[in-house]
Amino acid sequence: MMKDQLQRFLFEDFQIRGEIANADNSFRELLANHNYTEEVRNLMGELLIAATLLTAMLKFEGKITVQLQGDGPLKMAVINISQDLVLRGTANVDGETSGLSFAQLVGEGHLMISITPKNGERYQGIVALDKTSLSACIENYFAQSEQLATRIILHANSQNNMQCAGLLLQTLPMADVEEKEHDDDFQHVCALAHTVKATELYELTHDELLFRLYHQDKVRLFDEQSIIYQCSCSKERCISSLASIQPKEILEILKEESVIEMHCEYCAKDYRFDINDLQILLTDTNEQQH
Ligand SMILES: [Zn+2]
């Protein structure tokens, strides 16, 4: 089956929309240079799928960031994803994480969802991480901040093969549907969604899976969109971030260390710059001084 795909779907007869995704390759690439325990790896897989399923919140060009922050050994975990499904992410771990549950990993903390349009104001929503799973925290986020009934199923397996997949169901803002009927419809599609097994989400095509769950309902499945792992760091970006440091300081560091080293927290890539690489920063100032 095609991997690393997101597909949207709609129930023709209910005011309910859905998203379905799998991202085995992106999951593998995301973790390639990080040495996390299985517990952290799986949570990163769930977070990756969750962020992907939430990209429908992006109505304009921009990116969405889903971040966990807490006082447990997993201090922070984040996934950034753009409207064209280019993503990157990282985690900050301090302490033993083996054998820990979701609640033990994150401790007391919060989940933040930020939407940063390319043009316009950033929007940020926040909810406490006080549930026993990431999916329950995200459902709670939507119940509190958007008043939209939401069901999200997330699975990740990093033991043998790297696999991650998930499914989101959400009520559409009500138009001409009775509230009672609306609730019943949502309960119906959620009850069926909860019969899905992780292996089915990993292995069936989206077509097969939706047929398996909803062959008695009318479902319209939209075209697939590819999910791409790609870090946005580059030599040029590193150099421009150094522009905030005084050229005098850069020269002092270079005198002592002969190179300036920079590390990308996301993809774990190391960059090294010597005086020749940084000439552009140093020349500019000379001109200013004259
Ligand atoms: Zn990077």
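Since this is a predicted model, take the numbers as computed values, not measurements.

The rules behind each value
Positions within a chain are numbered from 1, following the residues in the order the chain's sequence is written. Where local features are concerned, this predicted model is filtered to residues with pLDDT of at least 70; where side-chain atom pairs are given and counted, the filter is 80 or more; whole-chain, interface and lining totals use all residues. Side-chain calculation: all heavy atoms of the structure are included, whereas hydrogens and water are not. Exposure above 30% relative accessible area and the absence of a salt bridge qualify a residue for a patch, where like charges join within 9 Å and nonpolar side chains (Val, Leu, Ile, Met, Phe, Trp, Tyr) within 5 Å. Accessible areas in this description were obtained via Shrake-Rupley with a 1.4 Å probe; residue shielding takes into account the shown protein chains only. When a carboxyl oxygen of Asp or Glu lies within 4 Å of a side-chain nitrogen of Lys or Arg, that pair is called a salt bridge. His is not counted, nor are the chain ends; Lys and Arg add positive charge and Asp and Glu add negative charge. For the purpose of locating charges, the reference atoms are NZ of Lys, CZ of Arg, CG of Asp and CD of Glu. Only DSSP runs of H or I reaching four residues or more are called helices, and only runs of E reaching two or more are called strands; each is numbered from the N terminus. Between buried and exposed lies partly exposed: a residue is buried under 20% and exposed over 50% of the maximum accessible area for its type, with that area taken using a 1.4 Å probe on protein chains only. Strands qualify as paired when DSSP identifies two bridges or more between them. Contacts are assigned to residue pairs that have any heavy atoms within 4.5 Å of one another. Here an angle of 0 to 180 degrees is reported between the N-to-C directions of two axes, which are lines fitted to C-alpha atoms, with helices fitted over the stretch in contact. An automatic or database domain assignment supplies the residue ranges for each domain. As used here, buried area is the combined drop in accessible area, with a 1.4 Å probe, of two parts when they are placed together. For the purposes of these results, a polar contact is taken to be a pair of N or O atoms within 3.5 Å, where, inside protein, one atom must be able to donate a hydrogen and its partner to accept one; residues adjacent in sequence count only when each atom of the pair is a side-chain atom. Each metal's donors are the N, O and S atoms within 2.8 Å of it, or within 3.2 Å when it is Na, K or Ca, and because water is not part of the set, sites may look incomplete. Here the metal geometry follows the donor angles, with tetrahedral for four donors whose angles all fall between 85 and 135 degrees, square planar for four and octahedral for six when opposite donors are more than 155 degrees apart and every other angle is between 65 and 115, and irregular for all the rest. Buriedness of a pocket was judged along seven lines, with at least five required to meet protein on both sides within 12 Å; pockets are open sets of points on a 1 Å grid over the protein atoms alone, cavities are sets where a 1.4 Å probe fits but cannot get out, and lining residues have an atom within 4 Å of a point. Grid points are joined across faces, edges and corners, and a volume is the space filled by probe spheres set on the points. Ten residues, namely Ala, Val, Leu, Ile, Met, Phe, Trp, Tyr, Cys and Pro, are considered nonpolar, four, namely Asp, Glu, Lys and Arg, are considered charged, and the remaining ones, Gly among them, are considered polar.

Asker: Talk me through a negative patch on the surface; I want residue IDs and the actual numbers.
Answerer: On the surface, a cluster of negative charge is made up of Glu249, Glu252, Glu256 and Glu257. Locating glutamate 256 in the fold gives a position in helix 9 (residues 247-257). On the basis of relative accessibility, which here comes to 70%, the residue glutamate 256 falls in the exposed class.

Asker: Explain the sheet that holds strand 5 (residues 86-93) to me, and be specific about the residues and the numbers.
Answerer: Taken together, the 6 strands give an open sheet; going across it, the order is 7-6-3-4-5-12, and neighbouring strands pair in mixed fashion. Looking at which strands have only one partner, the edges of the open sheet turn out to be strand 7 (123-128) and strand 12 (228-229). Packing against the sheet, helix 2 (residues 38-53) makes contact with strand 3 (62-70), strand 4 (74-82) and strand 5, and its axis sits at approximately 35° to strand 4. Sheet strands in contact with helix 4 (residues 134-146) are strand 3, strand 6 (109-117) and strand 7, and its direction is about 120° off that of strand 7.

Asker: Quick rundown of the pairing of strand 7? Include the residues and the values.
Answerer: When strand 6 meets strand 7, the two strands line up antiparallel, connected through 6 bridges. Across the sheet, the residue bridging to methionine 112 is isoleucine 126, located in strand 7. In textbook terms, the turn of a hairpin is the stretch between consecutive antiparallel strands, and for strand 6 and strand 7 this stretch comprises 5 residues, one of which, glycine 120, has a positive phi near 120°.

Asker: Go over the domain arrangement of the chain with me, naming the residues and quoting the values.
Answerer: Looking at the chain, the domain boundaries give domain 1 (5-229) and domain 2 (235-289). Here the C-alpha centre of domain 2 lies 38 Å away from the C-alpha centre of domain 1. For the pair domain 1 and domain 2, the summed buried area comes to about 540 Å², and 51% of that belongs to carbon and sulfur atoms. Run the count over domain 1 and domain 2 and you get 0 salt bridges. Viewed at the interface, domain 2 and domain 1 are joined by 4 residue pairs in polar contact (both at pLDDT 80 or more). Those elements that provide at least two residues to the side of domain 1 that touches domain 2 are strand 4 and strand 5.

Asker: For the coordination of the zinc ion, give the residues involved together with the corresponding values.
Answerer: Protein coordination at the zinc ion: the donors are Cys231 (SG), Cys233 (SG), Cys264 (SG) and Cys267 (SG), at 2.2 to 2.3 Å from the metal. The site at the zinc ion holds 4 donor atoms, and with the angles between them running 102 to 115°, its shape is tetrahedral. Along the chain, the residues that donate to the zinc ion are spaced as C-x1-C-x30-C-x2-C. Assigned by exposure class, cysteine 264 and cysteine 267 land together as buried.

Asker: Lay out the layout of surface pockets with the relevant residues and their values.
Answerer: Picture a little ball the size of a water molecule; that probe, rolled over the atoms, points out where space is still empty. The computed volume of the largest pocket comes to approximately 230 Å³. If you go around the largest pocket, the residues you meet are Lys63, Asn80, Ile81, Ser82, Val86, Leu87, Arg88, Gln230, Cys231, Ser232 and Arg237. When contributions to the lining of the largest pocket are tallied by element, the ones reaching two or more residues are strand 4 and strand 5. A class-by-class count of the residues in the lining of the largest pocket yields 4 nonpolar, 4 polar and 3 charged. Approximately 150 Å³ is the volume found for the second largest pocket. Taken together, Arg17, Ala56, Met57, Lys59, Phe142, Glu146, Leu148 and Gln170 make up the full set of residues lining the second largest pocket. Among the residues making up the lining of the second largest pocket, the classes are represented as 4 nonpolar, 1 polar and 3 charged.

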